[in-house]
Each structure stands twice: as C-alpha cells, then as structure tokens.
Amino acid sequence: MDYDILLKKAQEASKNAYAKYSNFFVGACVLAESGKTYVGCNVENASYGLAICAERNAIANAITNGEKSILAVAIYSPNIDNCTPCGACRQVIFEFQKDKEIKIITKTQDGCKIYSINELLPFGFEL
Ligand code: THU
C-alpha cells in the first residue's frame, strides 16, 4: 500500500475532526494486516480531558471491524507539519504490533516522514 494514499485518507478524515476547544484538527488512517484501511479523527468534549485522539479512534475502528494487528498509521494535521502521535497513542499503537514492525507516517512540507513505532516508543509496555 502506497503511504501517500494513507496520508490522503488521513487528511480527508481530519476534515471531520470535532475540535471546537483546541481548534487542532487531526486525522489518522490505519493500514491493517488484512490490507484494509480505517480512519479516525479527534473528538473533543466540553469536559476537556475526555478528548480522544484521531489515532486511537482509527485503531478502535480497525479493531471493531475484526482486525487483529496493524501495519501502519498515517497521521495528518492541517495545523502543523510532522504531527507525530502523543505518548498515550504510541502505547495504544504498540499494542497491535505483531509480526511486522508498525510504521508511522507523518506529513511534512516536502513529503512525508516514516518512523517505526519502536523508534517512537522504545520499550513499550506489554504483558
Ligand atoms: N491530538 C490527536 O488527535 N492526535 C495527536 O497526535 C495529537 C493530539 C488531538 C487531541 C486534541 O483533540 C487536540 O489534538 C489537541 O491536543
């Protein structure tokens, strides 16, 4: 799967972000092991701490649809370049790494950046 397509889907999802408190819009697109993609956007709340990040909503969408592991997560925000996942989302992404290393793709001015989840979250917690 072309990472540009994942970023485009993340960009489309960012348009649906419910971000009336921060005005920080984020979209994410998960590529699951099946080859299917799942999107999510951030959803905020008047009780600020209840905000859910785009990445976690995209993962919840994938898992809800029967996926067991994920291969990549693309993240897009119109607000900033190179929007990397927050610490909580890194741990949630790490949970669904199985045989292959999960790639994290972000948009930059001149293209994209590709990280591995192990690079962004060394020694992630697992049971
Ligand atoms: N947010 C995400 O959705 N993903 C990130 O990677 C960073 C932060 C959201 C949470 C909140 O709705 C807003 O961006 C500002 O923190």
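The model shown is predicted, which means the values in this text are computed figures rather than measured ones.

> What is the right way to read the overall build of the protein chain from this model?
A count of helices and strands for the protein chain gives four helices and five strands. Reading the protein chain from its N end, one meets helices and strands in the order α-β-β-α-β-α-β-β-α. Against the globule reference of 14 Å for 127 residues, the protein chain gives a C-alpha radius of gyration of 13 Å, in line with a compact fold. Expressed along its principal axes, the backbone C-alpha trace of the protein chain runs to roughly 40 × 35 × 30 Å. By sequence separation, contacts in the protein chain at least 24 residues apart represent 61% of the contacts at least 6 residues apart. In the form shown here, the protein chain has an accessible surface area of approximately 7,000 Å², with 53% of it arising from carbon and sulfur atoms. Separation between the mean location of the 13 positive side-chain charges and that of the 14 negative ones in the protein chain comes to 4 Å.

> Is there a simple way to explain the site of the ligand in this structure?
The environment of the ligand is made up of Ser22, Phe24, Val26, Asn42, Glu44, Cys53, Ala54, Glu55, Thr84, Pro85 and Cys86. Note that an oxygen atom of the ligand is positioned 3.0 Å from one of the side-chain N or O atoms of Asn42. Note that an oxygen atom of the ligand is positioned 2.6 Å from one of the side-chain N or O atoms of Glu55. Contact with the protein chains hides 79% of the accessible area of the ligand, taken as 370 Å² for the molecule alone. Per-class residue counts for the shell around the ligand are six nonpolar, three polar and two charged.

> Just to check I follow, could you spell out the pairing of strand S3 (residues 70-76) for this structure?
Working note: regular strand, side chains alternate between the two faces of the sheet. Among the seven residues of S3, six are classified as buried, and the element is accordingly described as predominantly covered. Pairing geometry for S3 and strand S4 (residues 103-108), over four bridges, is parallel. Within S4, the position partnered with Ala72 by the bridge is Lys103. For the segment spanning S3, helix H3 (residues 87-95) and S4, crossover handedness is right-handed.

> Looking at this model, I keep getting lost on the packing of aromatic side chains. Mind explaining?
The final tally for this structure, using the stated rule, is one aromatic pair. Plain terms: the ring middles of Tyr21 and Tyr48 are 5.5 Å apart, the flat faces sit at 45° to each other, and that makes the pair tilted. Highlighted residues: Tyr21 in the loop between helix H1 (3-14) and strand S1 (27-32) and Tyr48 in the loop between strand S2 (37-41) and helix H2 (54-64), separated in sequence by 27 residues.

Conventions adopted
Residues numbered from 1 in each chain as written. Predicted model: local features only at pLDDT ≥ 70, side-chain atom pairs only at ≥ 80, totals over all residues. Heavy atoms only, no water. Helix = DSSP H or I, 4+ residues; strand = E, 2+ residues; numbered from the N terminus. Rg over C-alpha atoms; globule rule 2.2 N^0.38 Å. Contact = heavy atoms within 4.5 Å. Areas by Shrake-Rupley, 256 points an atom, 1.4 Å probe, with all protein chains shown as cover. Lys, Arg positive; Asp, Glu negative; His and termini not counted. Charge placed at Lys NZ, Arg CZ, Asp CG, Glu CD. Near = heavy atom within 4 Å. Polar contact = N/O pair within 3.5 Å; in protein donor to acceptor, adjacent residues only side chain to side chain. Nonpolar A, V, L, I, M, F, W, Y, C, P; charged D, E, K, R; others polar. Buried < 20%, exposed > 50% of the residue type's maximum accessible area, 1.4 Å probe, protein only. Pairing = 2+ DSSP bridges. Right-handed = clockwise from strand over helix to strand, strands pointing away. Phe/Tyr/Trp six-rings, centres within 6.5 Å; stacked < 30°, edge-to-face > 60°.

In short, the description is geometric, and any link to function would need to be established separately.
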